[in-house]
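Chain by chain, the residues run as shown.
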Amino acid sequence: RGFDLSQIQSHYLHRRLLRKQKMVLRYGEVFYLTARENENNWFDDVLVFARYSAMETIIIATNLSEEDRTFYIDSSAIMPTFKAQFQNNTVVMVKDCINESVEPQYYFLREFLELRDGRTLRPYRSSIVSL
């Protein structure tokens, strides 16, 4: 099974442009999060982290396994920072940074951070959302 070099080039071009557009990806504080199957089990082959600034937060999840992974993101590591900076009734717009044709969704910040909805990532794929 070969690699499609044009897809790889397109992938890295998109990520470089995104990093150039989003200051938070260059200067934001890093928080390491976990991808959980349930309360007791987490995936060590799904890398999840957030880059935080007072203006924007980006959450990135990457499936490093050869299998689909369905998980929710445990945001507890970043919650104290959000609680110190924002009120519980703060509304955030959540936008998909990879597929910009997807309509943004709106949540109360606390509601979004406590979501336990399962998202599925195919092998070697990423999810990037902006708050």
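Quick summary incoming for the structure in this document. Computed from a predicted structure; not experimentally measured. (Residues numbered from 1 in each chain as written. Predicted model: local features only at pLDDT ≥ 70, side-chain atom pairs only at ≥ 80, totals over all residues. Heavy atoms only, no water.)

### Things to note about the pattern of salt bridges
Thinking step 1. The final tally for this structure, using the stated rule, is 5 salt bridges.
Thinking step 2. With a closest N to O distance of 2.9 Å, Lys22 and Glu56 form a salt bridge. Linking Lys22 in the loop between helix H1 (5-21) and helix H2 (24-27) with Glu56 in the loop between strand E2 (46-52) and strand E3 (57-63), this pair joins segments that are 34 residues apart in sequence. Like Lys22, the residue Glu56 is buried in the burial classification.
Thinking step 3. In this structure, Arg110 and Glu114 form a salt bridge, with 3.1 Å as the shortest nitrogen-oxygen distance.
Thinking step 4. Relative accessible area serves as the criterion here: at 37%, Glu114 is assigned to the partly exposed category.
Thinking step 5. Look at the salt bridges and you will find they share partners, linking Asp45, Glu67 and Arg69 into a network. (Salt bridge = Lys/Arg side-chain N within 4 Å of Asp/Glu carboxyl O. Helix = DSSP H or I, 4+ residues; strand = E, 2+ residues; numbered from the N terminus. Buried < 20%, exposed > 50% of the residue type's maximum accessible area, 1.4 Å probe, protein only.)

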